[in-house]
Amino acid sequence: MKILINLAFQSLFSRKATVFLTVISLTVSIVLFLSIDTLRLGAKKSFFGNVKSGDLILGSRSGEIQLLLYSLFQIGNPTNNISWESYKEISKKTEIAWIVPISLGDSHKQFRVMGTTKEYFQKYSYRKGQKLQYQFGTHFQNTFDVVIGSDVAKMLNYQLDDSIIIAHGIASQSLHDEFPFKVKGILQKTGTSVDKLVLVSLEALEAIHKDWKAGSKIPIKGVNNKKNFKEQDLIPKEITAAIIKLKSPITIFKIQREINDYEYEPLQAIIPGIVLTKLWQIVSVTENIMLTISAMVIVSALIGLIAILYSTLNNRRREMALLRIVGASPRTIFSLLLLEALIISFLSILFSIILTQLLNFFLFPILDYKYGIYLENSFLLLKDFYFFVIVLFTAVIVSIFPALQAYKNSINDGM
Amino acid sequence: MNNALDIKNLLFKWNKKDGFSLKIKNLSIKRNKKVIMFGQSGSGKSTLLNLISGILSPVSGTIIIKDTITNNLSSNKKDLFRANNIGVIFQQFNILDYISPINNIMLPCFFTNFKKKNKKFFYNRAFNLATKLDLKRNILLQKNSSQLSVGQKQRIAIIRAVINKPFLIVADEPTSALDNKNKVNFLDLLVNICDTEKITLLMVSHDTSLKKYFDSYITLEKIVQK
Ligand SMILES: Nc1ncnc2c1ncn2[C@@H]1O[C@H](COP(=O)(O)OP(=O)(O)OP(=O)(O)O)[C@@H](O)[C@H]1O
Ligand SMILES: [Mg+2]
């Protein structure tokens, strides 16, 4: 056995150029597969990481996926708001542990502004139940304070106490420039959509929209001054959605039904986990296509491997005959070829492990910084290990063909 | 038994229909004799050597080497028997270029039961034989064998053929790639080693002038049956 391993290694080494290219092509394909898999899992994780906070999401009646997207991911726009009265009414239910309102609509530069209450910062949790933490500062103290996500701070280079102006609507030129806000807190990176949010209090949103009617500014005397607001003026009239946490998950369906049957206003409640799973099933089609393509790339690299083994067989007939003459059996010749394939694929796996770790180390921060794709840097998982075993196994299986050819040749090849 | 090799009623056929077939009623080579075999190209000389070394198996008949009916052995035993008892020298490609000359020499040992305690003995034997054949230690210890000259390669092939103290050496036109001076050199060395180590030698050649180095000669056409 030892002699075989030595022979295989030295023989491969003597053909280092071709062997190296084969290893490279196999390595690249494995790295491709692993990267796509990491991206996929990362996407899934950050996707599902957003739904850890509540049991139900309350919103106006529209598509449930739509409600999920704008309430949790701040993607798309709500068609309708829900009235503050209905919100108040529903929050009276005794089964509810807590309920946090959110209000969308405005923006700051490319980031969306979300109105909410102080509870949001305590209740919001993501991934494995992690809570929001502050890099700097704290949540809002005054009406015109904002808390910004880490991406907002990074991209726009904001510091505490910087002054920012909110624009009306999304991608709008009309600014609420008479109400400058002050950055009161900067959140730590979460890898969720919160990183891209500008958070303000519901009262502040109400205040800046006092003199707005149906999307345009109607100057009314006197109100455009902060000091003119009284507390009761700032009670919101409507909100976009609310996140509900129940005391006991048993009551989820009961509360959901009650909200859906609410008679004074068309409301709906969705269970985020269920809707998200539905959504993910749609998205995962592309995911599967990508995985299939990268699996094909591996297959083609393995075909390249057997092509290499096959093409050298003829040149190596004398070599094999010589081994036979000194006592090697045809079975030994067969094993030698399998061993070479095994070494090549093992080296490729080794290289791809090193390469993926390097990529993790150098590329993940860039992905995060430039594209906001946050991937957890996890070293080899059990599934990767299974994957490597499958690659090795397949490599050996496909190499049986050239090895069998060598076996057949060596039965007759002597002098 | 005073015969090193006994072939009786041998019949061999290449697989293909109306392919070449070889039929030999009787062939014996006495112990410690050196025999040269002539024959036309395509007459089956290499095929016969492959049968003797056990690479090929006859359809019928017996091949007896060292009192063992080798064609009855299982294929694994045949391979082991060859590694232990038969040294082989080819016309060319006697050397694996990608391993060191010393490892080339040791190849038959690697494929037999090469015990730890014998290791030293075989390496010493290899270096001693090499010195006799004018191959210096540092030549044997080169990383790989691609730099060796044709003559050096053939000398290493001799050492490899005898390293395991074989009973019989078969050589298939080992001198045809060598120039005159190297040819004479090579034969002197081979014949000398076979004499001192008491090894029976069967060598195939086209060169009838080499008769003088051998005890007797065979012409294949004369012993095959049509
Ligand atoms: N692998 C093989 N498969 C089928 N037929 C073969 C094979 N090898 C040799 N033969 C046939 O066997 C016959 C004898 O070949 P062999 O090589 O033994 O001749 P030879 O006497 O050694 O010739 P040369 O002097 O040219 O080396 C030839 O007709 C050849 O075509
Ligand atoms: Mg021949």
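Since this is a predicted model, take the numbers as computed values, not measurements.

1. Some points on the overall build of chain B
Inference 1: Each helix and strand counted, chain B has eight helices and nine strands in total.
Inference 2: Taking 226 residues into account, the globule formula puts the C-alpha radius of gyration at 17 Å, and chain B, at 17 Å, falls close to it.
Inference 3: Taking the principal axes of the C-alpha coordinates as reference, chain B spans close to 50 × 40 × 35 Å.
Inference 4: Taking all 226 residues of chain B together, the buried fraction comes to 54%.
Inference 5: About 10,800 Å² of surface is accessible on chain B, with carbon and sulfur atoms providing 48% of the total.

2. A few points about the overall build of chain A
Inference 1: Scanning chain A for helices and strands turns up 12 helices and 16 strands.
Inference 2: Its C-alpha atoms give chain A a radius of gyration of 31 Å, more than 25% over the compact-globule value 22 Å for 415 residues.
Inference 3: Relative to its full complement of 415 residues, chain A shows a buried share of 50%.
Inference 4: Sequence separation of 24 or more characterises 78% of the internal contacts of chain A that already satisfy a separation of 6 or more.
Inference 5: For chain A, the accessible area works out to roughly 20,100 Å², and carbon and sulfur atoms hold 63% of it.
Inference 6: Positive and negative side-chain charges of chain A, numbering 44 and 32 respectively, have mean locations separated by a distance of 10 Å.

3. Some thoughts on the confidence of the model for chain B
Inference 1: This prediction gives chain B a mean pLDDT of 91; 98% of its residues lie at or above 70.
Inference 2: The weakest mean pLDDT in chain B belongs to helix α4 (residues 116-132) of chain B at 87; the strongest belongs to strand β3 (residues 34-38) of chain B at 97.

4. Quick look at the side chain of Glu 287 of chain A
Residue and element names in this part refer to chain A.
Inference 1: With respect to the helices and strands, Glu 287 occurs in helix α9 (residues 272-315).
Inference 2: Of the residues examined, Glu 287 reaches a relative accessible area of 11% and is grouped as buried.
Inference 3: Beyond its immediate sequence surroundings of up to four residues, Glu 287 is in contact with Arg 40 and Trp 280.

5. Focus on the domain arrangement of chain A
All names here are of chain A.
Inference 1: What the domain assignment lists for chain A is domain 1 (2-47 + 284-414) and domain 2 (56-270).
Inference 2: Computed over C-alpha atoms, the centres of domain 1 and domain 2 are 51 Å apart.
Inference 3: Each partner contributes to the interface: domain 1 provides eight residues, whereas domain 2 provides nine residues.
Inference 4: Between domain 1 and domain 2, roughly 800 Å² of surface is buried when both sides are summed, and carbon and sulfur atoms account for 55% of that area.
Inference 5: Viewed at the interface, domain 2 and domain 1 are joined by zero salt bridges.
Inference 6: Between the two partners, domain 1 and domain 2, sit zero residue pairs in polar contact (both at pLDDT 80 or more).
Inference 7: Elements with a contribution of two residues or more to the side of domain 1 that touches domain 2: α2 (16-49) and α11 (330-371).
Inference 8: Take the side of domain 1 that touches domain 2: its biggest share by element is three residues, from α2.
Inference 9: Considered class by class, the residues forming the side of domain 1 that touches domain 2 number three nonpolar, two polar and three charged.

6. With respect to the site of ligand 1
All names here are of chain B.
Inference 1: Taken together, 13 residues are adjacent to ligand 1, and Ser 41, Gly 42, Lys 45, Ser 46 and Thr 47 come closest.
Inference 2: For ligand 1, an oxygen atom lies 3.0 Å from a polar atom in the side chain of Trp 14.
Inference 3: Interatomic distance of 2.9 Å between a backbone N/O atom of Gly 42 and an oxygen atom of ligand 1.
Inference 4: In the complex, 64% of the free accessible area of ligand 1, which totals 630 Å², lies under the protein chains.

7. Side note on helix α3 (residues 101-110) of chain B
Inference 1: Counting buried positions along α3 of chain B yields eight of 10 residues, so the element is predominantly enclosed.
Inference 2: When α3 of chain B is considered as a whole, its buried residues turn out to be Pro 101, Ile 102, Asn 104, Ile 105, Met 106, Leu 107, Pro 108 and Cys 109 of chain B.

8. Regarding the interface of chain B and chain A
Inference 1: With 27 residues of chain B in contact, the opposing surface of chain A contributes 24 residues.
Inference 2: Between chain B and chain A the total buried area reaches about 2,400 Å² when both faces are included, carbon and sulfur atoms providing 66% of it.
Inference 3: Ranking the residues of chain B by area buried against chain A places Phe 90, Tyr 98 and Phe 111 of chain B at the top, with a combined share of 31%.
Inference 4: Here Arg 324 of chain A and Asp 79 of chain B are joined by a salt bridge, their closest N and O atoms 2.8 Å apart.
Inference 5: In this assembly, chain B and chain A are joined by four residue pairs in polar contact (both at pLDDT 80 or more).

9. Observations concerning the nonpolar core
Inference 1: Core analysis: the biggest nonpolar cluster contains 81 residues, and Leu 323 of chain A together with Leu 48 and Ile 52 of chain B have the highest contact counts within it.
Inference 2: Here the element with the most residues in this core is α11 of chain A; it accounts for 11 residues.
Inference 3: Here Ile 52 of chain B is in contact with Leu 5, Ile 7, Ile 63, Ile 65, Ile 86, Leu 168, Val 170 and Leu 202 of chain B, once residues within four sequence places are set aside.
Inference 4: In this structure, Ile 89, Phe 127, Ile 139 and Leu 148 of chain B belong to the second largest nonpolar core, which totals 41 residues.

10. Some details on the packing of aromatic side chains
Aromatic ring pairs are defined here through the distance separating the ring centres and the angle between the ring planes.
Residue and element names in this part refer to chain A.
Inference 1: Counted by the stated rule, this structure contains 16 aromatic pairs over all chains.
Inference 2: When the centroid spacing of 5.9 Å and the interplanar angle of 90° are considered together, the rings of Tyr 120 and Phe 121 count as edge-to-face. Judged on exposure class, the residue Tyr 120 and its partner Phe 121 are both buried.
Inference 3: Between Phe 121 and Tyr 134 the ring centres are 6.1 Å apart and the planes differ by 35°, which places this aromatic pair in the tilted class.

11. Topic: the confidence of the model for chain A
Inference 1: Of all residues in chain A, 91% have pLDDT values of 70 or greater, and the mean over the chain is 86.
Inference 2: Considering only residues more than four positions removed or in separate chains, one finds that residues 220-224 of chain A, a stretch of pLDDT under 50, has eight contacts.

12. Describing the environment of Pro 78 of chain A
All names here are of chain A.
Inference 1: Looking at the secondary structure, you find Pro 78 in the loop between α3 (64-73) and β2 (82-83).
Inference 2: The sequence separation of Pro 78 and Gly 105 amounts to 27 residues, and the corresponding C-alpha distance is 8.3 Å.
Inference 3: Every residue in contact with Pro 78, bar those within four places of it in the chain, is listed here: Tyr 70 and Thr 240.

13. A closer look at the sheet that holds strand β6 (residues 86-89) of chain B
Residues and elements named next belong to chain B.
Inference 1: The strand order β6-β7-β8-β3-β9 describes an open sheet built from five strands, whose pairing is parallel. Of all the strands in the sheet, the pair left with one neighbour each is β6 and β9 (216-219). Neighbour to neighbour, the strand axes of the sheet diverge by 20° on average, direction disregarded.
Inference 2: Pairing geometry for β3 and strand β8 (residues 200-204), over four bridges, is parallel. What sits directly across from Val 35, in β8, is Leu 202.
Inference 3: Along the sheet face, helix α2 (residues 75-85) touches β6 and β7 (168-172) and points at about 80° away from the line of β6.

14. Things to note about a nonpolar patch on the surface
Residue and element names in this part refer to chain A.
Inference 1: Together, Phe 346, Leu 350, Phe 351, Ile 354, Leu 355, Leu 358, Leu 359, Phe 361, Phe 362, Leu 363 and Ile 366 line one region of the surface with nonpolar side chains, adding up to about 1,000 Å² of accessible area.
Inference 2: Checked against the element boundaries, Leu 363 lands in helix α11.
Inference 3: Relative accessible area serves as the criterion here: at 37%, Leu 363 is assigned to the partly exposed category.

Rules and cut-offs
Residues numbered from 1 in each chain as written. Chains lettered and ligands numbered in written order. Predicted model: local features only at pLDDT ≥ 70, side-chain atom pairs only at ≥ 80, totals over all residues. Heavy atoms only, no water. Helix = DSSP H or I, 4+ residues; strand = E, 2+ residues; numbered from the N terminus. Rg over C-alpha atoms; globule rule 2.2 N^0.38 Å. Buried < 20%, exposed > 50% of the residue type's maximum accessible area, 1.4 Å probe, protein only. Areas by Shrake-Rupley, 256 points an atom, 1.4 Å probe, with all protein chains shown as cover. Contact = heavy atoms within 4.5 Å. Lys, Arg positive; Asp, Glu negative; His and termini not counted. Charge placed at Lys NZ, Arg CZ, Asp CG, Glu CD. pLDDT = per-residue confidence, 0-100. Domains from an automatic or database assignment. Buried area = accessible area lost by both parts, 1.4 Å probe. Salt bridge = Lys/Arg side-chain N within 4 Å of Asp/Glu carboxyl O. Polar contact = N/O pair within 3.5 Å; in protein donor to acceptor, adjacent residues only side chain to side chain. Nonpolar A, V, L, I, M, F, W, Y, C, P; charged D, E, K, R; others polar. Near = heavy atom within 4 Å. Core = buried A, V, L, I, M, F, W, Y, C linked by side-chain atoms within 4.5 Å. Phe/Tyr/Trp six-rings, centres within 6.5 Å; stacked < 30°, edge-to-face > 60°. Pairing = 2+ DSSP bridges. Axes fitted to C-alpha atoms, helices over the stretch in contact; angles between N-to-C directions. Patch = residues over 30% accessible without salt bridge, like charges linked within 9 Å, V, L, I, M, F, W, Y side chains within 5 Å.

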